[in-house]
Amino acid sequence: YTSREGKTKINDSLFTNNSALTETGLGGAIVVRSSNMDINKSDFIDNSATVNGGALYISYVDDSTKDSKVNVNDSLFASNTSGDLGGAVYVTKKDTESDKRILTVKNTNFEQNNALNQGGAVYVTDGASVFIKDTGFAHNTVTAQGTALGGAISVNGGKVETDNTIFNKNISLN
């Protein structure tokens, strides 16, 4: 957990079998609020959250004016789950008026992540901007009957830009 303009660098790390199990469970492995984080050459495997962001939850602190900024490079998100939104990653921001990039992902793979309702791998909301380059999304799923949206990515009031990104066999069971 990093908060209130914290600056964190994570290199060559493994996050596995971590859970956010409370009724409001967010970010099974990491929660970033109003802070900066760089993640390089790291794996997030089999993490879970009862609500949003099975591995990584990116948000803000209510009384702060700063949004988070997260960079992910050369990493893997595999078999992470959430009980609602963003099987691997959930992204939101405070300032819904500006088009500020919150998350940049490069050379990373999202495989076999699952969310119940939206964004099998990634869920983006509240005007957050995400840039994804040289990345793969494979076999991610959303499973809720009737409300399942975005097997790989779901965007609800945000913005996602991709470049040289491959989407393969992602499923929304809606």
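See the structure above.
The rules we used
Residues numbered from 1 in each chain as written. Predicted model: local features only at pLDDT ≥ 70, side-chain atom pairs only at ≥ 80, totals over all residues. Heavy atoms only, no water. Pairing = 2+ DSSP bridges. Helix = DSSP H or I, 4+ residues; strand = E, 2+ residues; numbered from the N terminus. Salt bridge = Lys/Arg side-chain N within 4 Å of Asp/Glu carboxyl O. Buried < 20%, exposed > 50% of the residue type's maximum accessible area, 1.4 Å probe, protein only.

Enquirer: Help me get a handle on the sheet that holds strand β8 (residues 48-49), residues and values and all.
Expert: Paired through backbone hydrogen bonds, the strands of a sheet run either parallel or antiparallel to each other. The strand order across the open sheet built from 6 strands is β4-β8-β12-β16-β20-β24, with neighbouring strands paired in parallel fashion. The strands lining the two open edges of the sheet, one partner per strand, are β4 (19-20) and β24 (171-172). Relative to strand β20 (residues 141-142), strand β16 (residues 114-115) runs parallel, the two being bridged by 2 bridges. The partner of Asn-114 across the bridge, within β20, is Thr-141.

Enquirer: Can you tell me about the pattern of salt bridges, naming the residues and giving the values?
Expert: Applying the stated rule across the entire model yields 1 salt bridge. In this structure, Asp-163 engages Lys-133 in a salt bridge whose closest nitrogen and oxygen atoms are separated by 2.7 Å. Of this pair, Asp-163 sits in strand β22 (residues 159-163) while Lys-133 sits in strand β18 (residues 129-133), and the two are 30 residues apart along the sequence. Classification of Lys-133 by relative accessible area gives partly exposed; the value is 26%.

Enquirer: Please provide a residue-by-residue account of the sheet that holds strand β21 (residues 153-156), values included.
Expert: Taken together, 6 strands build an open sheet; the order of strands is β1-β5-β9-β13-β17-β21 and the sheet is parallel. Where the open sheet ends on each side, the last strands, each with one partner, are β1 (2-3) and β21. Bridge count for strand β17 (residues 122-125) against β21 is 4 bridges, and the pairing is parallel. Among the inter-strand pairings, Val-122 is bridged to a residue of β21, identified as Ile-153.

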